[in-house]
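A closer look at the structure
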Amino acid sequence: MILGIDGYLGWPLALRLSAAGHKVSGMDNLFTRKAVQEVGSDSGLPILTMEERVRAAKELKGFRIKFYRGDITKYKKLYSVIKKEKPDTIIDFAEERSAPYSMRDHMHAAYAMQNNIVGTINLIYAARELNANIRIIKMGTMGEYGTPNFDIPEAPYMKALLDGKEDIITTPKWAGSWYHWTKVHDTNNLLLANKLWGLTVTNIMQGPVYGTRTKDITDQRLFTRFDFDETWGTVVNRYCAEAVLGIPLTVYGKGGQTRGFLSLEDSVEALRLLVENPAEKGAFRTVNQFRELFSVMQLAEYVQTAAKSAGIDVGIGHVDNPRVEKEEHYYNVERKVLPDLGFDKLKHNIREELVGMLMDLKEQRQRLEQYRSAIMPKTMWR
Ligand SMILES: NC(=O)c1ccc[n+]([C@@H]2O[C@H](COP(=O)([O-])OP(=O)(O)OC[C@H]3O[C@@H](n4cnc5c(N)ncnc54)[C@H](O)[C@@H]3O)[C@@H](O)[C@H]2O)c1
């Protein structure tokens, strides 16, 4: 069961798991569709309604994906859907997932807190009451860690020595937005549920995802959403849309901000591996999920080069950083779980991926043009 099945990751994961022979159901309240329109933007790729997509997946691929419209912060609804479907695994994406959206004002910050934290606590209680053996796969973010000057472990706990005394502490987190802190609070709540009741949890710390397709998206009717505005677009997706619109790529500040990135194809494939190779019963498994580290400046250069191959000449422009973050810093992250499952051996070529994205987006140029004014950063952290 995929909570947040209508989203950028949720829909392609539903296709991937169906293609792998799993029985897939999902729930979504369509929040992201409305919230992207709220900031004067829309998906850069045209997407069907959930009902139409489910029909298209059946006609084109023979998949039977079950969709429930509903809000996971409404406990009774979530409980009844889980009770009916009896999933062995629940993947939870159903959150407000934009840092800038959560930084807009008090109302948006409070919304992120309420939606994300209450949704997760509802999932914890529903799993405990209905079947404590359900495997919870919760999507968090690498942004929970911030950019510490030590190596980031792939573990929920670590040893700490304070004034000569040693104990186990939760791995330190230093998130940089209200949204990212909601993910830290979710992590802490899942840790407690695991400790008290032995719930089986895979907590994924994922880096920013880029891409327009996975290998299952073979027809426009199967498109997943693609956000590119300052609020909802992750950096590479934003750069690619900017390239198509002839806007110099908006590198925030100096551009030394380094993060672990992965493509949409990598993200769904990593998730398939984690679903099919579950955490041990009663375990709390942390996964640092990304493919390669890049600075946002390096990525702008990659996109610029890929754009040339796609017949587009675009410059790189630096804009004042709307965020409060280090623009140059140490970043070293442990990654063991996914490499041990064979993830690093999967074929991957960022250049090809970027050229493919730019070709897809070139076809949508007129559509992107309508939302040009939503691209430049306006949401300030200060
Ligand atoms: N896209 C990325 O680069 C990225 C990186 C790291 C982590 N993540 C995390 O992965 C998850 C999926 O991200 P995405 O890019 O697909 O985002 P998305 O916004 O496209 O998908 C999230 C889906 O959850 C739904 N939703 C939100 N609140 C809900 C609620 N209360 N009840 C039911 N449905 C609800 C939304 O309508 C949306 O369809 C999110 O939790 C996000 O924080 C994403």
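Computed from a prediction, not measured in an experiment: that's the story for all the values here.

1. Describing the site of the ligand
- In the vicinity of the ligand lie 29 residues, with Asp-28, Thr-32, Arg-97, Asn-115 and Tyr-179 positioned nearest.
- Between an oxygen atom of the ligand and a main-chain N or O atom of Leu-9, the distance comes to 2.8 Å.
- In the model, a nitrogen atom of the ligand is placed 2.9 Å from a nitrogen or oxygen of the Asp-71 side chain.
- Protein chains bury 98% of the 820 Å² of accessible surface belonging to the ligand in isolation.

2. Thoughts on the packing of aromatic side chains
- By the definition in use, this model includes 9 aromatic pairs.
- On the basis of an interplanar angle of 25° and a centroid distance of 5.0 Å, the ring pair of Phe-31 and Tyr-111 is categorised as stacked. Remark: Tyr-111 occurs in helix H6 (residues 106-130) and Phe-31 occurs in helix H2 (residues 31-38); sequence separation between them is 80 residues.
- Residue classification places Phe-31 among the buried positions, given a relative accessible area of 13%.
- On the basis of relative accessible area, Tyr-111 is assigned to the partly exposed category, the value being 25%.
- Their ring planes at 45° and their centres at 5.0 Å tell us that Tyr-101 and Trp-232 sit as a pair that is tilted. Of this pair, Tyr-101 sits in helix H5 (residues 99-102) while Trp-232 sits in the loop between strand S9 (209-210) and helix H8 (235-245), and the two are 131 residues apart along the sequence. Across this residue pair, the class does not change: Tyr-101 and Trp-232 are buried.
- One aromatic cluster is present, built from ring pairs that chain together Phe-31, Tyr-101, Tyr-111 and Trp-232.

3. Some thoughts on the nonpolar core
- Core analysis: the biggest nonpolar cluster contains 83 residues, and Ile-2, Trp-11, Ile-65, Val-236, Tyr-239 and Leu-358 have the highest contact counts within it.
- Beyond its immediate stretch of four places on either side in the chain, Trp-11 contacts Ile-5, Met-50, Arg-53, Val-54, Ala-57, Ile-65, Leu-222, Phe-223 and Thr-224.
- With 22 residues, the next largest nonpolar core counts Met-27, Ala-126, Ile-134 and Phe-284 among its residues.

Reading the values: rules and limits
- Residues numbered from 1 in each chain as written.
- Predicted model: local features only at pLDDT ≥ 70, side-chain atom pairs only at ≥ 80, totals over all residues.
- Heavy atoms only, no water.
- Near = heavy atom within 4 Å.
- Polar contact = N/O pair within 3.5 Å; in protein donor to acceptor, adjacent residues only side chain to side chain.
- Areas by Shrake-Rupley, 256 points an atom, 1.4 Å probe, with all protein chains shown as cover.
- Phe/Tyr/Trp six-rings, centres within 6.5 Å; stacked < 30°, edge-to-face > 60°.
- Helix = DSSP H or I, 4+ residues; strand = E, 2+ residues; numbered from the N terminus.
- Buried < 20%, exposed > 50% of the residue type's maximum accessible area, 1.4 Å probe, protein only.
- Core = buried A, V, L, I, M, F, W, Y, C linked by side-chain atoms within 4.5 Å.
- Contact = heavy atoms within 4.5 Å.

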